[in-house]
Amino acid sequence: MKSVALGKKVGLPRMWTRATRDRAALFGWVVIILVIIMAIAAPLVAPHDPLQQDISARLKPPFWASGGSLERPLGTDQLGRDILSRIIYGARVSLFVGVTAVSIAGVIGIVVGTVAGYYGGLVDEVIMRIVEVRLSIPLILLLIAVLAIFGPGLRNVILLLALTEWVVYARVVRAEVLSVREREFIEAARSIGVPDARIIALHLLPNVLSSAIVLASVEVGNLIILESTLSFLGIGVLPPTPTWGNMLGEGRDYLLTAWWLATFPGLVLAITVLSINLIGDWLRDWLDPRSSAA
């Protein structure tokens, strides 16, 4: 017995054709592909070691300004480190945090939300009360409080983001499961004695994954911003590891004298998150069976 999966079944060629017709989505894909390539090939494309200090070259402006040079096209920071190289290496941290935390949170949230929606009753009540308690606490305050106890660092940031954001997936997936579990093909599967695990794996999950995928695409951008916020505050990924957030934090004291320290990391962060959100909007339209045909 086959379930009716939500979302359009279109091949990769048609998917790409639809993406190229949507200029906003195409812009998002191009930017994200470039950022991914930049992060993966950082040792090859970065012109300098991001940790190498040169006090004699500190606070050099971008190449088009007086005193700048093409050797360090986006200038240097207060320790003489190359801004462009640090931005390139910072992409590694931001993407790694966003994708890893979203993957962990997504798996937990999908499993918990599916169980809550399918079984209902006391299980659903307990899980939803936990979700409501977590959502009642402002996220940034919770993150600051927990990191103040356990300490900053890449591993702690990823685990904390994952263990606080799974509730978002749980709510969305639970709502989808509640609507799907009453459909005829689910009732038919139950009536012939199909085990719950098989019903969930073969009939429920394919029908809720499209919503989870769209949510994940948006959450990657949100978690990149959260990581940057924590690093900006000095409780995320600590220096000397280059991240866009701690580059912004280091540049805030030089906004009037060396604007490029914070401007370029901020622009890259904003454009990257915007591109991720544009891709999320396109995925929503592509996977939504009610959207217009390509």
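Note: the structure precedes this text.
Residues numbered from 1 in each chain as written. Predicted model: local features only at pLDDT ≥ 70, side-chain atom pairs only at ≥ 80, totals over all residues. Heavy atoms only, no water.

Help me get a handle on the packing of helix H2 (residues 23–40) against helix H11 (residues 260–287), residues and values and all.
Close contact between H2 and H11 brings their axes to 8 Å; oriented N to C, the two are set at 130 degrees. One way to sum up the angle between H2 and H11 is to call them oblique. Once H2 is placed against H11, the crossing between them reads as left-handed. Contacts between H2 and H11 involve Ala24, Ala25, Phe27, Gly28, Trp29, Val31, Ile32 and Val35 from the former and Ile271, Thr272, Ser275, Ile276, Leu278, Ile279 and Trp282 from the latter. (Axes fitted to C-alpha atoms, helices over the stretch in contact; angles between N-to-C directions. Helix = DSSP H or I, 4+ residues; strand = E, 2+ residues; numbered from the N terminus. Parallel < 35°, antiparallel > 145°, perpendicular 65-115°, else oblique. Left-handed = near helix turned anticlockwise from the far one by under 90°. Contact = heavy atoms within 4.5 Å.)

Which residues make up the packing of aromatic side chains, and what are the values?
Tallying each qualifying case throughout the model produces six aromatic pairs. Measuring from ring centre to ring centre gives 5.2 Å for Phe63 and Trp64, while their planes differ by 85 degrees; the resulting arrangement is edge-to-face. For Phe63, a relative accessible area of 39% puts it in the partly exposed group. Relative to Phe264, the ring of Trp259 lies with its centre 5.7 Å away and its plane at 55 degrees, an arrangement referred to as tilted. Within the aromatic cluster, the residues linked to one another by ring pairs are Phe63, Trp64, Trp259, Trp260 and Phe264. The ring of Phe232 carries the charged tip of Arg252 above its face, separated from the ring centre by 4.6 Å. (Phe/Tyr/Trp six-rings, centres within 6.5 Å; stacked < 30°, edge-to-face > 60°. Buried < 20%, exposed > 50% of the residue type's maximum accessible area, 1.4 Å probe, protein only. Lys NZ or Arg CZ within 6 Å of the ring centre and 35° of its normal.)

Describe the side chain of Ser94, with residues and values.
Positionally, Ser94 belongs in helix H4 (residues 83–119). Residue Ser94 is classed as buried on the basis of its relative accessible area of 0%. If near-sequence neighbours (up to four positions away) are discounted, Ser94 is found in contact with Ile224, Glu227 and Trp244.

Residue-level account of the environment of Thr114, with values.
Along the polypeptide, Thr114 turns up in helix H4. A residue is classified by how much of its surface remains accessible, and Thr114, at 3% relative accessible area, is buried. When the C-alpha positions of Thr114 and Arg171 are compared, they lie 9.5 Å apart, and in sequence the two are 57 residues distant. Beyond its immediate stretch of four places on either side in the chain, Thr114 contacts Val173, Val177, Ile200 and Leu205. A polar contact is formed between the side chain of Thr114 and the backbone oxygen of Ile110, at a distance of 2.6 Å. (Polar contact = N/O pair within 3.5 Å; in protein donor to acceptor, adjacent residues only side chain to side chain.)

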